[in-house]
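Structure assessment
This is what each chain is made of:
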Amino acid sequence: MSFLQHDVPLSWYLLLSAILFSLGVVGFLIKRNVITVFMSIELMLNAVNLSFVTFAYQWHEVRGQIFVFFVMMVAAAEAAVGLAIIIAVFRVRSTLAVDRIDLMKL
Amino acid sequence: MHLILFFLFAGFCLAGAINLLVQTHPINSALSLIVVMTSLAVLYLLLGAEFLAIAQIIVYSGAVMVLFVFVVMLLNAGREERTLGSLAASRVGFPAVVALFALLATIVLHVQGLGAAHLGEGLSNAPGQSNLVLLSQVLFHELLLPFEVTSVLILIAILGAVALAHVEGSKVPNSETAAQK
């Protein structure tokens, strides 16, 4: 059962992080609902966090994990403010579709 | 064991992320994002970051996603209408994403000196020195000021959220004023 003893190369973790980040960018581009666009941003933040944890493991450096901790705190604050903005926009425009919220579009 | 756990939860992660893109209803996207975040917490555990795994579940899967689900319910967000999207997204955006991913994958797969993750190995292999001890030693000695400043940031975020979501001039009829009438 040598298959069970295998370690996972750290580059696979980084590859997973890159795939998740790209999926987040694609979601940001194709999604037409403000809330789902915001969720894609959260997905990108999570992908970057996975990279940080992987590099922290590689270099045995605890500051990488502390940076993830700070990113989490800032992301929580950002989610609260962002969702409040979405509620305020919905109250004025009565829609969540990004195509209809185009007052500043050229 | 590590390989199996990695493939299982990386698969969950990717399936959740793709499901987030495919679903048209925001509540389904929110639930699949919870799957992604919880699987990421397991991957953090595999990489020896116990504290971050728990913080990920409590802060992201717990607090942030509950906020998202709450807003989806509050605004009664229905099925999103699929449109063609902007011209800039299709002309510049998607090629840029493909180029970005190709660049990242090439760098990651060609970089030398990256080791392999071994199960049960963390930042420190000294007995009795857990991940949490290491983290708090640095956080509360060297990085105490940034840590405290973050509390101010969260306070400002709370005030900002209340100020933004509050409607000017709206009075909630409470029982006290109703009783006076």
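Higher on the page you've got the structure.
The text that follows walks through the structure, step by step, so that each part is easy to find. Since the model is a prediction, treat every value here as computed from it, not as a measurement.

**A few points about the overall build of chain B**
Helix and strand counts for chain B come out as seven helices and one strand. Start at the N end of chain B and walk to the C end: the helices and strands fall as α-α-α-α-β-α-α-α. Every one of the 181 residues in chain B was classed for burial, and the buried ones make up 23%. By sequence separation, contacts in chain B at least 24 residues apart represent 58% of the contacts at least 6 residues apart.

**A word on the interface of chain A and chain B**
Listed per partner, the contact involves 63 residues of chain A and 70 residues of chain B. For the side of chain A that touches chain B, the elements supplying multiple residues, two or more each, are helix H1 (2-5), strand E1 (8-9), helix H2 (10-30), helix H3 (34-59) and helix H4 (62-93) of chain A. The leading source of residues in the side of chain A that touches chain B is H4(A), at 23 residues. Per-class residue counts for the side of chain A that touches chain B are 47 nonpolar, 11 polar and five charged. As judged from the two bridges shared by E1(A) and strand E1 (residues 116-117) of chain B, these two strands associate in the antiparallel manner. Each bridged residue has a counterpart across the sheet, and for Val8(A) the counterpart in E1(B) is Ala117(B).

**Thoughts on the environment of Gly115(B)**
Along the polypeptide, Gly115(B) turns up in the loop between helix H4 (87-110) and E1. For Gly115(B) and Ile156(B), which are 41 residues apart along the polypeptide, the C-alpha to C-alpha distance reads 41 Å. Setting aside chain neighbours within four positions, we find Gly115(B) in contact with Leu10(A) and Gln58(A).

Reading guide: rules and limits
- Residues numbered from 1 in each chain as written.
- Chains lettered and ligands numbered in written order.
- Predicted model: local features only at pLDDT ≥ 70, side-chain atom pairs only at ≥ 80, totals over all residues.
- Helix = DSSP H or I, 4+ residues; strand = E, 2+ residues; numbered from the N terminus.
- Buried ≥ 20, exposed ≤ 12 C-beta atoms within 10 Å, placed from the backbone.
- Contact = placed C-beta atoms within 7 Å.
- Nonpolar A, V, L, I, M, F, W, Y, C, P; charged D, E, K, R; others polar.
- Pairing = 2+ DSSP bridges.

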